Amino acid sequence: MNMVVCVKRVPDTAESEVHIDASGKDIDKSKLSFGINEADNYAVEEAIQIKERLGGTVNVISVGGKDSDEQIRMALAKGGDEAIRIEDPAMAGSDGFAIAKALAAAIKGMEFDIVFTGALADDDGSAVVGVALAELLGVNHAAYVKKVEILEDGKKIKVGRELEGGLMEFLEMELPAVLTIQTGINEPRYASFKGIKQAAKKEIAIKSLSDLGLDASEVGEAGSWAVLEKFTPPVVGEMAEILTGEPEETAAKLAAILKEKGLV
Amino acid sequence: MEGWTSLEAIRNSAEFTSLKEEEMSDLFQPVHEDFRKTLREYIEKELAPHADEWEEAEEFPLEKFREMGQLGFLGMQYPEEYGGDNDILAEAVFHEEMPRCGSAGVAATLGAHIGIAMPQINKYGTKEQKEKYLIPGIKGESIGALGITEPEAGSDVAGIKTYAIKDGSDWIINGSKTFITNGVRCDWVVLAVKTDREKGYGGISQIIVDKGTPGFEVSKKLKKLGWRASDTAELSFIDCRVPGDALLGELNKGFYQIMANFAWERLIMALGAVAGAQIVMEAALGYAKERHAFGQPIAKFQVIAHTLADMATEIEAGRQLTYYALKLYMEGKNPIKEVSMAKLYTCDMACRVVDNALQIFGGYGFMEEYPIARAFRDTRLGPIGGGTREIMREIIVRTMGI
């Protein structure tokens, strides 16, 4: 089974204060720590588990600057074989569709059975790249995948997609395919020091747009369908009802509201 | 105040950035920093959430020991042929990250096994001994302990009373040991014994005793001020018979063998003291920014701000001294003076930092439900274990020609 996993380096905003930067089009990332996008971490694990069961290769791809090598190396340390990083100044301002074009250009020449992405990025939350990539590659896809079963001949797979309310939808599809992986599908491993040392010896192939046969106009803002105008902090809503009083009173009021709305 | 405003401006300016810990040293390579990230993630997700429970139970679960062995977190300094990585700096990273689990007892359990007991086997063991103890030890399937201290001999190692006498090819051991980390649950203990009772230093040897050997009993699990998740025991040996090949290293050279790893033991204590103090200082800083008194965050009061500045300064001084000693150690220079200074300074410094942090937390600092109370109890062992602060000073004195 030859597999490709797409990973993204994202800022960890869960426990940090987030401020909009001077451009108004981004957040100030100078004080944030970075890591692999959570869903991508599960995608890496799924690919490596399949490789361990059935053999094959896992190729790791990321779009981003040199900092992204950290996330790529960690995926290699866990069992990835080769890696590509797409870096080009013209990529700035790309939406999910433009990112998918760059990824598709890199993946097209490879022999692959499954391409994995995370279902959703922690930073922009678009959930576009995986499905756009499948369309551009002209292969089947399934999004929000929480179960993958390779059928006996290795030419078909059965996938479980997570729907609302914990429902699972099962589909059978022919390979090759793109699967966007939902968190919780497996238990991502921790890289060992041995794996880290092996990964450090591997070369990460850096590809520019021209290496991929793409023109600058196909990516960035020019090649995107959606262009980010500006970020604004959420306006304090008028719908909010602030309960005041002693804790006993406010708790009683809250309980009454929840009951009234049928939420408990 | 004009001056204060300009300080604020400096703080908020884009040029004001503080270096991250790892950028302050050229010791560690990118592989070590990658390993640090993995370890930190593991410790924060798999250990820290259980720290309270393990402290309460006064035990670190064996399953976790095994898990960490399977993940390859216990063998960094050991040869690859026994399942290790042959990279002692990676183990240094481990000791720097462990305080993030929130329990020095957990750190001590693992530290005593990988940094104190197994090194003796690795340095002085025969191939058979290494295969028997290192391979399962690195996998987390067997736990080791080092038994030196006795009820009446601590710093004065030459004064130990436990002895072994030859009976045919066997050794027969009598005596007792105390304050032995992992003593209750260890599968083997490297014991310091007198093999020539007429002599002091020159009469000590090391013998490995397996759990279950008749005559080897755990006489007591000890209750402690801190390090509660670690097990600490009093061990007794009554006519305990072990085969001749249980001798570790050379006969009557045990004292020098013990001394040889003290440098590493003291370095890992210094690394842990600095890392622990850093966590406590950051907690106090965060609290001082949030906690209001007299209409402003207490961090805005100069007395608190200056205390925090002193804490940060002392931590940095300790870190740089420790890294310097570690660098000399890595270069094979046997830096006894620098290691002793690092251990002396950092373990005392951590006590001062924790004491000041507790003061900043006020009444909450005194409450067991806040982590600062545990840190206060745990830190106090630093200037005692692995060579007391008084012994460190004695060693430094001797390097000064006094």
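Here the structure is a predicted model, which is why all the values come from computation and not from measurement. (Residues numbered from 1 in each chain as written. Chains lettered and ligands numbered in written order. Predicted model: local features only at pLDDT ≥ 70, side-chain atom pairs only at ≥ 80, totals over all residues. Heavy atoms only, no water.)

**Section: the overall build of chain A**
- Within chain A, the regular secondary structure consists of six helices and eleven strands.
- Along the first, second and third principal axes, the C-alpha atoms of chain A reach 65 × 45 × 40 Å.
- Counting across all 264 residues of chain A, residues that qualify as buried make up 41%.
- Contacts in chain A between residues far apart in sequence, at least 24 positions, make up 68% of those at least 6 positions apart.
- Carbon and sulfur atoms provide 51% of the accessible area of chain A, an area that totals close to 14,500 Å². (Helix = DSSP H or I, 4+ residues; strand = E, 2+ residues; numbered from the N terminus. Buried < 20%, exposed > 50% of the residue type's maximum accessible area, 1.4 Å probe, protein only. Contact = heavy atoms within 4.5 Å. Areas by Shrake-Rupley, 256 points an atom, 1.4 Å probe, with all protein chains shown as cover.)

**Thoughts on the overall build of chain B**
- From N to C terminus, chain B includes twelve helices and ten strands.
- Here the C-alpha atoms of chain B give a radius of gyration of 22 Å, agreeing with the 21 Å that 2.2 N^0.38 yields for 402 residues.
- Principal-axis analysis of the C-alpha atoms gives chain B an extent of 85 × 45 × 40 Å.
- Considering only residue pairs separated by 6 or more positions, chain B has 72% of its internal contacts joining residues 24 or more positions apart.
- Distance between charge centres in chain B, computed from 45 positive and 60 negative side chains, equals 3 Å. (Rg over C-alpha atoms; globule rule 2.2 N^0.38 Å. Lys, Arg positive; Asp, Glu negative; His and termini not counted. Charge placed at Lys NZ, Arg CZ, Asp CG, Glu CD.)

**So, the side chain of Asp-170 of chain B**
Residue and element names in this part refer to chain B.
- Along the chain, the position of Asp-170 falls in strand β3 (residues 170–181).
- At a separation of 3.0 Å, a polar atom in the side chain of Asp-170 contacts the side chain of Arg-241.
- Once you skip the residues sitting within four places of it in the chain, Asp-170 turns out to touch Ile-165, Arg-241, Val-242, Pro-243 and Gly-244. (Polar contact = N/O pair within 3.5 Å; in protein donor to acceptor, adjacent residues only side chain to side chain.)

**Some thoughts on the packing of aromatic side chains**
- Summed over all chains, the structure comprises 17 aromatic pairs over all chains.
- Their ring planes at 90° and their centres at 6.3 Å tell us that Phe-294 of chain B and Phe-301 of chain B sit as a pair that is edge-to-face.
- Residue class for Phe-294 of chain B comes out exposed when judged on its relative accessible area of 80%.
- With a relative accessible area of 26%, Phe-301 of chain B lands in the partly exposed category.
- Through a chain of ring-to-ring contacts, three or more aromatic side chains come together here, namely Tyr-190 and Phe-193 of chain A together with Phe-35, Tyr-42 and Phe-73 of chain B.
- Lying over the aromatic face of Trp-171 of chain B, Lys-166 of chain B brings its terminal NZ or CZ to 4.7 Å of the ring centre. (Phe/Tyr/Trp six-rings, centres within 6.5 Å; stacked < 30°, edge-to-face > 60°. Lys NZ or Arg CZ within 6 Å of the ring centre and 35° of its normal.)

**Let's talk about the environment of Val-10 of chain A**
Residue and element names in this part refer to chain A.
- Relative to the helices and strands, Val-10 is located in strand β2 (residues 9–11).
- Residue classification places Val-10 among the buried positions, given a relative accessible area of 3%.
- Expressed as a C-alpha distance, the spacing of Val-10 and Pro-234, which sit 224 residues apart in the sequence, is 21 Å.
- Beyond its immediate stretch of four places on either side in the chain, Val-10 contacts Ser-33, Phe-34, Gly-35, Ile-36, Asn-37, Asp-122 and Asp-123.

**Points about the domain arrangement of chain B**
All names here are of chain B.
- On domain assignment, one finds that chain B holds domain 1 (22–142), domain 2 (146–252) and domain 3 (256–398).
- Of note, the centres of domain 2 and domain 3, computed from C-alpha atoms alone, are 31 Å apart.
- At the interface, 13 residues of domain 2 touch eleven residues of domain 3.
- Across the domain 2 to domain 3 interface the summed buried area is about 1,000 Å²; carbon plus sulfur atoms make up 62%.
- Across the contact surface, domain 2 and domain 3 share zero salt bridges.
- For the pair domain 2 and domain 3, the interface holds five residue pairs in polar contact (both at pLDDT 80 or more).
- Of the residues in the side of domain 2 that touches domain 3, the class split is seven nonpolar, four polar and two charged. (Domains from an automatic or database assignment. Buried area = accessible area lost by both parts, 1.4 Å probe. Salt bridge = Lys/Arg side-chain N within 4 Å of Asp/Glu carboxyl O. Nonpolar A, V, L, I, M, F, W, Y, C, P; charged D, E, K, R; others polar.)

**Focus on the sheet that holds strand β10 (residues 177–181) of chain A**
All names here are of chain A.
- Spatially, nine strands are ordered β9-β8-β7-β10-β6-β1-β4-β5-β11 in an open sheet, and the strand pairing comes out mixed. Here the strands that pair on one side only, and so sit at the sheet edges, are β9 (168–174) and β11 (204–207). Each neighbouring strand pair of the sheet contributes to a mean axis angle of 35°, computed without reference to strand direction.
- As defined by bridge partners, strand β5 (residues 82–86) adjoins β11 across four bridges and the pair is classed as parallel. Along β11, the bridge assignment pairs Ala-83 with Ile-204. (Pairing = 2+ DSSP bridges. Axes fitted to C-alpha atoms, helices over the stretch in contact; angles between N-to-C directions.)

**Some words on unusual backbone geometry**
- With an omega of 5°, the peptide bond between Leu-175 of chain A and Pro-176 of chain A qualifies as cis.
- In this fold, Pro-176 of chain A is placed in the loop between β9 and β10.
- With a phi angle near 55°, Tyr-144 of chain A is a residue other than glycine that sits in the positive phi range.
- With respect to the helices and strands, the residue Tyr-144 of chain A is situated in strand β7 (residues 140–150).
- The phi dihedral of Phe-294 of chain B falls on the positive side, at around 50°, and the residue is not glycine.
- Within the element layout of this structure, Phe-294 of chain B appears in the loop between β9 (292–293) and β10 (296–297).

**Re the state of the cysteines**
All names here are of chain B.
- Under the criterion given, the structure shown has zero disulfides over all chains.
- Among the cysteines around Cys-101, which has no disulfide bond, Cys-347 carries the closest sulfur, lying 17 Å off.
- We classify Cys-101 as buried; its relative accessible area is 2%. (Disulfide = S-S within 2.5 Å.)

**A few points about the pattern of salt bridges**
- Taken as a whole, this structure holds 46 salt bridges over all chains when the rule is applied.
- For Asp-34 of chain B, the salt bridge is made with Arg-73 of chain A, and the minimal N-O distance between the two is 2.8 Å. One end of the pair, Asp-34 of chain B, is in helix α2 (residues 30–47); the other, Arg-73 of chain A, is in helix α2 (residues 69–77), on a second chain.
- What makes Asp-34 of chain B buried here is its relative accessible area of 3%.

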